[in-house]
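Per-entry structural report
One-letter residues, chain by chain:
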Amino acid sequence: MTPKSQLSVGDRIVGTHRQQPPGSSFEDEVCRRVARRYRYSARQVHVRRYAPAAGAPGTPGRGLVIADPRAKVDCVGSDRRDGGLRLFEAKESGPPDFANPGLTANQRIVYPRLVDHGGEVAADRGPFAAGTRVPRGTRVVVVTPATIDFVLPEP
């Protein structure tokens, strides 16, 4: 049996064997490739979206504000600490062109809005500080076993 000191968050004990959560081995591979491709990388990064500011009733707001909810991105890579983020979501199952790749409710809200308005890192993670901007137009790349060699080729 695996000693408790060797278990990590999310591990489950089944009989006398340690079992990782579903998809974690594929996520490990995607994040390993991100870490090899980019100078800076981190796993399990929470991001928030920007949304247009609300104005008084009947008048438009001015500018953008940070908005809830926040969503977790599996892997983030960049060649700079302070921007240029590339966001990757690992999905182990499903056809290569599936429209809804099993995203959480928050991911379905946040990911498309990053393209529209941008966002920011919600909490410090690895080399990326809270408040690091995710520029407008940034897309979260959903990586599947069918697309991994195209999206993140081995060197």
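A few points on the structure. (Residues numbered from 1 in each chain as written. Predicted model: local features only at pLDDT ≥ 70, side-chain atom pairs only at ≥ 80, totals over all residues. Heavy atoms only, no water.)

Some points on the pattern of salt bridges
All told, the structure shown has 12 salt bridges when counted by the stated rule. A salt bridge links Glu29 to Arg32, with the shortest nitrogen-to-oxygen separation between them at 2.6 Å. Highlighted residues: Glu29 and Arg32, both in helix α1 (residues 24-37), separated by three residues, approximately one helical turn. Accessibility expressed as a relative area gives 33% for Arg32, which makes it partly exposed. Among the salt bridges present, the one from Glu154 reaches Arg33, with a minimum N-O distance of 3.4 Å. One end of the pair, Glu154, is in the segment after α3 (148-151); the other, Arg33, is in helix α1, and 121 residues separate them in sequence. (Salt bridge = Lys/Arg side-chain N within 4 Å of Asp/Glu carboxyl O. Helix = DSSP H or I, 4+ residues; strand = E, 2+ residues; numbered from the N terminus. Buried < 20%, exposed > 50% of the residue type's maximum accessible area, 1.4 Å probe, protein only.)

Quick notes on the nonpolar core
Of all hydrophobic cores here, the largest spans 17 residues; its most connected members are Val47, Val76, Leu85, Leu87, Tyr111, Leu114 and Phe128. Of all the secondary-structure elements, those providing two or more residues to this core are β3 (40-52), β4 (64-78) and α2 (105-117). It is β3 that contributes the most residues to this core, four residues altogether. Ranked by size, the runner-up nonpolar core spans 12 residues in total, among them Val34, Tyr38, Val151 and Leu152. (Core = buried A, V, L, I, M, F, W, Y, C linked by side-chain atoms within 4.5 Å.)

Any functional reading would require information that these geometric values do not contain.
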